[in-house]
Amino acid sequence: MADLIPDAERIAALAQMPWTYDEAGKAISRSFKFANFSEAFGFMARVALLAEKAGHHPDWSNSYNRVDITLSTHDAGGVTRNDLDLARKIDALVE
């Protein structure tokens with residue numbers, strides 16, 4: 001099981017990333033907007049491949065051209081390095 005990261009490390013990491021921390025949910029999240037449903041669905045397929053390779057799967061939703069992703073390591077009870085690593089890989093898909 002992955003360990004929770006210290007608050008200071010999480011805060012420092014998120015200061016460099018376009019993700020937000022939800023204290024109540026003990027998770028990080030980000031919304032992505034695309035030109036249309038097809039682009040959003042393609043993005044989700046690429047994220048699914050990253051997540052499967054990492055063995056770490058997001059909570060997410062899709063509504064037409066928007067994809068909302070939430071990352072948290074449920075068995076650790078919050079944000080771990082696995083979440084930050086996957087978030088960075090997801091970000092690289094849209095840079």
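Residues numbered from 1 in each chain as written. Predicted model: local features only at pLDDT ≥ 70, side-chain atom pairs only at ≥ 80, totals over all residues. Heavy atoms only, no water.

The phi torsion at Lys26 lies on the positive side, around 50°, for a residue other than glycine. With respect to the secondary-structure elements, Lys26 resides in the loop between β1 (20-22) and β2 (27-33). Classification of Lys26 by relative accessible area gives partly exposed; the value is 32%. In this model, Tyr64 sits at a positive phi of 50°, which is unusual for a non-glycine residue. Assignment of secondary structure puts Tyr64 in the loop between β3 (59-63) and β4 (66-71). (Helix = DSSP H or I, 4+ residues; strand = E, 2+ residues; numbered from the N terminus. Buried < 20%, exposed > 50% of the residue type's maximum accessible area, 1.4 Å probe, protein only.)

Below, the discussion takes up the packing of helix α2 (residues 37-54) against helix α3 (residues 81-94). Between α2 and α3, whose axes approach to 10 Å, the crossing angle comes to 145°. By crossing handedness, the relation of α2 to α3 is classed as right-handed. Residues Phe43, Arg46, Val47, Leu50 and Ala51 of α2 touch α3, and the partners they reach there are Leu86, Lys89, Ile90, Leu93 and Val94. Per-class residue counts for the contact of α2 with α3 are 8 nonpolar, no polar and 2 charged. (Axes fitted to C-alpha atoms, helices over the stretch in contact; angles between N-to-C directions. Left-handed = near helix turned anticlockwise from the far one by under 90°. Contact = heavy atoms within 4.5 Å. Nonpolar A, V, L, I, M, F, W, Y, C, P; charged D, E, K, R; others polar.)

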